[in-house]
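Coordinate inspection notes
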There are 2 protein chains.
Amino acid sequence: MENLSTTEENYIKTIYHLQQTDTTVSTNDVAAKLNTKAASVTDMLKRLNTKQVLNYEKYKGFSLSNQGEKVALDIVRKHRLWEYFLVEKLAFGWDEVHAIAEELEHITSKVLIERLDNFLGNPKFDPHGDPIPDSNGKMQTQPQINLVDMPIGETASVSAVGSQSTELLELLTHKNIAIGTQITIKKKFSFDHSMEIETPANSSFTISRELALALFVTIKTPSLL
Amino acid sequence: MENLSTTEENYIKTIYHLQQTDTTVSTNDVAAKLNTKAASVTDMLKRLNTKQVLNYEKYKGFSLSNQGEKVALDIVRKHRLWEYFLVEKLAFGWDEVHAIAEELEHITSKVLIERLDNFLGNPKFDPHGDPIPDSNGKMQTQPQINLVDMPIGETASVSAVGSQSTELLELLTHKNIAIGTQITIKKKFSFDHSMEIETPANSSFTISRELALALFVTIKTPSLL
DNA sequence: TAAATATTTTAGGCAAATCTAAATTATTTA
DNA sequence: TAAATAATTTAGATTTGCCTAAAATATTTA
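Residues numbered from 1 in each chain as written. Chains lettered and ligands numbered in written order. Predicted model: local features only at pLDDT ≥ 70, side-chain atom pairs only at ≥ 80, totals over all residues. Heavy atoms only, no water.

As a further point, take the relation of the copies chain A and chain B. Relative to chain B, chain A is turned by 180 degrees and slid 0.0 Å along the rotation axis, the superposed coordinates differing by an RMSD of 0.1 Å. Expressed as a symmetry operation, the mapping of one chain copy onto the other fits a two-fold axis. The C-alpha atom lying nearest the rotation axis in chain A is that of leucine 104 of chain A; the distance is 3.8 Å. In this assembly the copies share their binding face: 100% of the residues contributing to the interface of chain A also contribute to that of chain B. (Least-squares fit on C-alpha atoms with pLDDT ≥ 70 in both. Contact = heavy atoms within 4.5 Å.)

In structure tokens:
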């Protein structure tokens, strides 16, 4: 099943991402993500079902087949490798690359993506800290926790961000926090759920609950990025 | 006029290339190049005419407008920069990059292509020796002549190839000829139009008329590639 | 559990890009 | 120049992807 249109690929990718967070994925969820209507989604579900990438029973629900998951992982791989390329080689900001990678991820050549992977040094995580699947769809799972869930006194390194917005990047840049930065929790304030933290570059300072929620850390060795 | 589909872009590019060599371009020429039918071409000509990229009068003929030429040069620029990237950074062969660049040339981001250009060191010629237009559509013109037209005794350097086939690359590799190689014409044989040439790497050897026809040289300073 | 509400699907249509077959216009050639 | 041939265009279908409005099914809630 190698004859998928860009549109079909986008549906598959969207369903994949929704399946990661939600237990059930609805027609409306997909429509919302793709800026389209539920009726259009139903049309596509029928097509993807005949193409074997989806298990679909009408009125009952749907999910990606094994085939479909492979397709999705391949697109995710391409997306994240291109994002890495854009940030590391072309000096784009972390917040600028998503839209471009949405286009690049549909370039079909298999050998291209393998060479790109080598050229980049086989990175395991993209600029946002998300894992890059290998050519078999396997990816490294870092045991990540949200910064708000870290106990006081513990030290961990930032491994991913929960948003790709320019606003978040601006704030992180100003506070000297990036993927890989070591953070120690000094204090938590229950009044507004703000917390005091420490980093190698700065002495103690306070961050908001909103910011803490947008940061994911791992207690293990620093990111292989 | 920035809302062009990939298909529309491909028509524009095809018409551009045909206009470079042929004085008049026919519906059938375009159909042949795009593996489609004359009727489909007519449909598209009408669309491109309303989109102002084409001057078209039915049954009379058509040619790109100034607008259309700009669009074409932008696509050519992207195509050739990506080819340069694939060969120089990802170690692809010269003969493998065309199909991939056909896809990459439709990526829309303007800033992407400017950064790619800088990353590559603003190359002026692609791996086949074809000039890369700058962001204004200007390109360096090397006074190129076909190898068969060079006088005996003259020395020049290979600046472009007339085909992108694997077969040609194989032959050139075997004979140690690449873009930039200095060639001196020693003798021409009128029987079969073969010619004896000399390069820095090899002493005199003979090449066929077919090969000579596929090589373009410039008497000026070596390519800025 | 029956009625109200929400979700999903069908029916019928539209635009892009393509096709084949037929009609129209241009060009060649006898 | 008139007839034959070639090129181009139109007419009418097809497929993909999308839409709105209405019908069918599921889920909530009274």
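There is more to say, and it comes next.
Under the defined criterion, the tally for this structure stands at six aromatic pairs over all chains. For the pair tryptophan 82 of chain B and phenylalanine 85 of chain B, a centre-to-centre distance of 5.6 Å together with 80 degrees between the ring planes defines the contact as edge-to-face. Taken together, the positions of tryptophan 82 of chain B and phenylalanine 85 of chain B, both in helix H4 (residues 66-88) and three residues apart, correspond to about one turn of that helix. There is no split in this pair, since tryptophan 82 of chain B and phenylalanine 85 of chain B are both buried. Here the basic side chain of arginine 115 of chain A rests over the ring of phenylalanine 92 of chain B, its NZ or CZ set 4.4 Å away from the ring centre. Lysine 89 of chain B extends its terminal NZ or CZ atom over the ring of phenylalanine 119 of chain B, reaching a point 4.7 Å from the ring centre. (Phe/Tyr/Trp six-rings, centres within 6.5 Å; stacked < 30°, edge-to-face > 60°. Helix = DSSP H or I, 4+ residues; strand = E, 2+ residues; numbered from the N terminus. Buried < 20%, exposed > 50% of the residue type's maximum accessible area, 1.4 Å probe, protein only. Lys NZ or Arg CZ within 6 Å of the ring centre and 35° of its normal.)

A few words on the protein's contact with DNA strand D. In the neighbourhood of DNA strand D, 21 residues make up the surrounding shell, with Ser5, Thr36, Ser40 and Arg47 of chain A together with Tyr56 of chain B lying closest. Of everything in DNA strand D that lies within 4 Å of the protein, sugar and phosphate atoms constitute 79%. Within the backbone of lysine 37 of chain A, an N or O atom sits 3.1 Å from a phosphate oxygen of DNA strand D. Those elements that place two or more of their residues in the surface near DNA strand D are helix H1 (6-21) and helix H3 (38-50) of chain A together with helix H2 (27-33) and helix H3 (38-50) of chain B. Split into classes, the residues belonging to the surface near DNA strand D amount to seven nonpolar, eight polar and six charged. (Near = heavy atom within 4 Å. Polar contact = N/O pair within 3.5 Å; in protein donor to acceptor, adjacent residues only side chain to side chain. Nonpolar A, V, L, I, M, F, W, Y, C, P; charged D, E, K, R; others polar.)

Attention now moves to the domain arrangement of chain A. Domains assigned within chain A are domain 1 (6-64) and domain 2 (144-218). Just the C-alpha atoms count here: the centres of domain 1 of chain A and domain 2 of chain A sit 35 Å apart. (Domains from an automatic or database assignment.)

All names here are of chain B. The strand order across the open sheet formed by six strands is E3-E8-E4-E5-E6-E7, and the pairing between neighbours is antiparallel. Looking at strand neighbours, the two that pair on one side only are strand E3 (144-146) and strand E7 (205-207), the edges of this open sheet. Adjacent strand axes in the sheet meet at a mean angle of 50 degrees when their direction is disregarded. Pairing of strand E4 (residues 155-161) with strand E5 (residues 182-188), which is carried by three bridges, proceeds in the antiparallel orientation. Bridging across to E5, serine 157 finds its partner in glutamine 182. (Pairing = 2+ DSSP bridges. Axes fitted to C-alpha atoms, helices over the stretch in contact; angles between N-to-C directions.)

Not every one of the 22 residues close to DNA strand C is listed here, only the nearest: Tyr56 and Lys58 of chain A together with Thr36, Ser40 and Arg47 of chain B. Counting only atoms of DNA strand C within 4 Å of the protein, the fraction found in sugar and phosphate groups is 77%. Note that a phosphate oxygen of DNA strand C is positioned 3.0 Å from one of the backbone N or O atoms of tyrosine 59 of chain A. At 2.3 Å, a side-chain N or O of threonine 36 of chain B approaches a phosphate oxygen of DNA strand C. Elements supplying a minimum of two residues to the surface near DNA strand C: helix H2 (27-33) and H3 of chain A together with helix H1 (6-21) and H3 of chain B. Of the residues assigned to the surface near DNA strand C, the class counts are seven nonpolar, nine polar and six charged.

Attention shifts here to the interface of chain A and chain B. Contact residues are listed per partner, giving 20 residues for chain A and 20 residues for chain B. Here chain A meets chain B over a buried area of about 1,700 Å², counting both sides, of which 73% is carbon and sulfur. Contact with chain B buries area across many residues of chain A, yet Leu90, Glu103 and Arg115 of chain A alone supply 32% of it, more than any other trio. On the surface where chain A and chain B come into contact, there are six residue pairs in polar contact (both at pLDDT 80 or more). Looking at the side of chain A that touches chain B, the elements with two or more residues in it are helix H4 (66-88), helix H5 (97-104) and helix H6 (110-119) of chain A. (Buried area = accessible area lost by both parts, 1.4 Å probe.)

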